[in-house]
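Observations on the three-dimensional arrangement
One-letter residues, chain by chain:
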Amino acid sequence: MFFINGTAYAGKSTLVKRLAQKYSGIACEENYHDSLISGLDSSQFPCLTYARDLQDWHDFVRRTPDEYEAWVKGVSQECEVLELQILKNLDTKGKLVFVDTNISIETLHEISDYSHVLIMLADPDISVNRFFERPDREKQFLYRLLMEEPDPERALENFRQCLKRINSPAVHDRFLYSGFRVILRDDSRSIEETIALAERVFGLHK
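The present account deals with the structure reproduced in this document. On a predicted model such as this, the values are computed, not experimentally measured, just so you know. Each chain has its residues counted from 1, following the order in which its sequence is written. The predicted origin of the model limits local features to residues at a pLDDT of at least 70 and limits the giving and counting of side-chain atom pairs to 80 or more, whereas totals for whole chains, interfaces and linings rest on all residues. To get the side-chain values, all heavy atoms of the structure are used, and hydrogens and water are removed first.

With that out of the way, let us pick up helix H9 (residues 191-202). Between its first and last C-alpha atoms H9 spans 16 Å; for 12 residues at 1.5 Å apiece the expected length is 16 Å, and the two agree. Relative accessibility under 20% of the residue-type maximum defines a buried residue, over 50% an exposed one, and the middle range a partly exposed one, all with a 1.4 Å probe and only protein chains included. The helix and strand labels rest on DSSP assignments: H or I over at least four residues marks a helix, E over at least two residues marks a strand, and numbering proceeds from the N terminus. Burial in H9 covers these residues: Thr-194, Ile-195, Ala-198, Glu-199, Val-201 and Phe-202. Viewed end-on, H9 has its buried residues packed into an arc of 160°, placing them on one side of the element. Contacts are residue-level and defined by heavy atoms, with any inter-residue pair within 4.5 Å sufficient. The elements touched by buried residues of H9 are strand E1 (2-6), helix H1 (12-22), strand E4 (117-121) and strand E5 (181-184). Among the residues trailing H9, Gly-203 stands out with phi positive, at a value near 70°. A helix is expected to span 1.5 Å for every residue after the first. When we speak of the arc, we mean the arc of directions from the helix axis to the C-beta atoms.

Written as structure tokens, this is what we have:
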């Protein structure tokens, strides 16, 4: 198994898909643990089931940066439990497995090794300033909620502060100095060049 972790907008999802295609492997893509969420006990997984009984989705975007940061950290911890469960029981059929993962750096040091983990990083500001540029339904839904608030500009600025908190330079540096090899986002580099860099990290050749 080859694990790719890091920050948003660094290219993790694309790389996992392309490597799995190239090596006829298995891609555990972003949020692959979602298949288990409907059966979770909310008392054991309160963050992942946060929205299950949400009466007003506006409450989701009204949270303070402290509340949002605590929730995101909780989600990551709960995701790790599910990911480890899925990967332990995964029938690989002898294929290479490429994982877009939430598993923490500390746990990756325990379960994997230097040549099977890659960290991909983007500038922290990208994750904040370009959050709503992606066309995925979830982000556009959140944007509509913010625009429906009594003071949309204030609501949007609060949400930006939430994003800044979870995409801070400190978070970036924890990944950067994790002890694993790192690929930094470079818009002048092609996806083929990024794949080649990842192959060198993983010791893959084809």
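We now examine the packing of H1 against H9. Viewed as axis vectors pointing N to C, H1 and H9 meet at an angle of 75°, and their least axial separation amounts to 10 Å. By the angle between their axes, H1 is roughly perpendicular relative to H9. Every residue of H9 that contacts H1 at Thr-14, Leu-15, Arg-18, Leu-19 and Lys-22 is listed here: Ile-191, Glu-192, Thr-194, Ile-195, Ala-198, Glu-199 and Phe-202. Gly is put with the polar residues, along with every residue not named as nonpolar or charged; the nonpolar set is Ala, Val, Leu, Ile, Met, Phe, Trp, Tyr, Cys and Pro, and the charged set is Asp, Glu, Lys and Arg. Considered class by class, the residues forming the contact of H1 with H9 number six nonpolar, two polar and four charged. For helices, the fitted line uses only the C-alpha atoms of the stretch in contact; every axis is such a line through C-alpha atoms, and the angle between N-to-C directions lies from 0 to 180 degrees. Roughly parallel means an angle under 35 degrees; roughly antiparallel, over 145; roughly perpendicular, 65 to 115; everything else is oblique.

Once that is clear, we can look at the pairing of E4. Of all five residues that make up E4, five are buried, and the element is covered over most of its length. Every second residue of E4 is oriented toward a common face, with Val-117, Ile-119 and Leu-121 on one face and Leu-118 and Met-120 on the other, all of them buried. Judged from the four bridges that link them, E1 and E4 form a sheet pairing that is parallel. Bridge pairing in E4 places Asn-5 opposite Ile-119. In this scheme, strands are said to pair when DSSP sees at least two bridges between them. Note that E4 and E5 share four bridges and pair parallel.

Counting residues in hydrophobic clusters, the biggest one holds 43 residues, and the most contacted among them are Leu-19 and Leu-118. Apart from the residues lying within four places of it in its own chain, the contact partners of Leu-118 are Phe-3, Ile-4, Asn-5, Leu-15, Arg-181, Val-182, Ile-183, Ala-198, Val-201 and Phe-202. Side-chain atoms within 4.5 Å are what join buried Ala, Val, Leu, Ile, Met, Phe, Trp, Tyr and Cys residues into a set we call a nonpolar core. Cys-28, Val-97, Ile-119 and Phe-180 belong to the second-largest nonpolar core, a separate cluster that totals 16 residues.

Let's shift gears to the packing of helix H3 (residues 65-88) against helix H7 (residues 152-166). At a minimum axis separation of 9 Å, H3 and H7 run at an interaxial angle of 45°. Judged by the inter-axis angle, H3 sits oblique to H7. When the axes of H3 and H7 are compared, the crossing they make is right-handed. Listed contacts from H7 to Pro-65, Asp-66, Tyr-68, Glu-69 and Val-72 of H3 are Asn-158, Phe-159, Gln-161, Cys-162, Leu-163, Arg-165 and Ile-166. Class assignment for the residues of the contact of H3 with H7 results in seven nonpolar, two polar and three charged. Each helix crossing is assigned a hand: it is left-handed if the near helix lies turned anticlockwise from the far helix by less than a right angle, otherwise right-handed if that turn is clockwise.

It is worth spelling out the pattern of salt bridges at this point. Here, a salt bridge means any Lys or Arg side-chain nitrogen found within 4 Å of an Asp or Glu carboxyl oxygen. This structure, assessed with the given rule, holds 14 salt bridges. Within this structure, Asp-56, Asp-59, Arg-62 and Glu-149 form a network of salt bridges that share partners.

In short, the description is geometric, and any link to function would need to be established separately.
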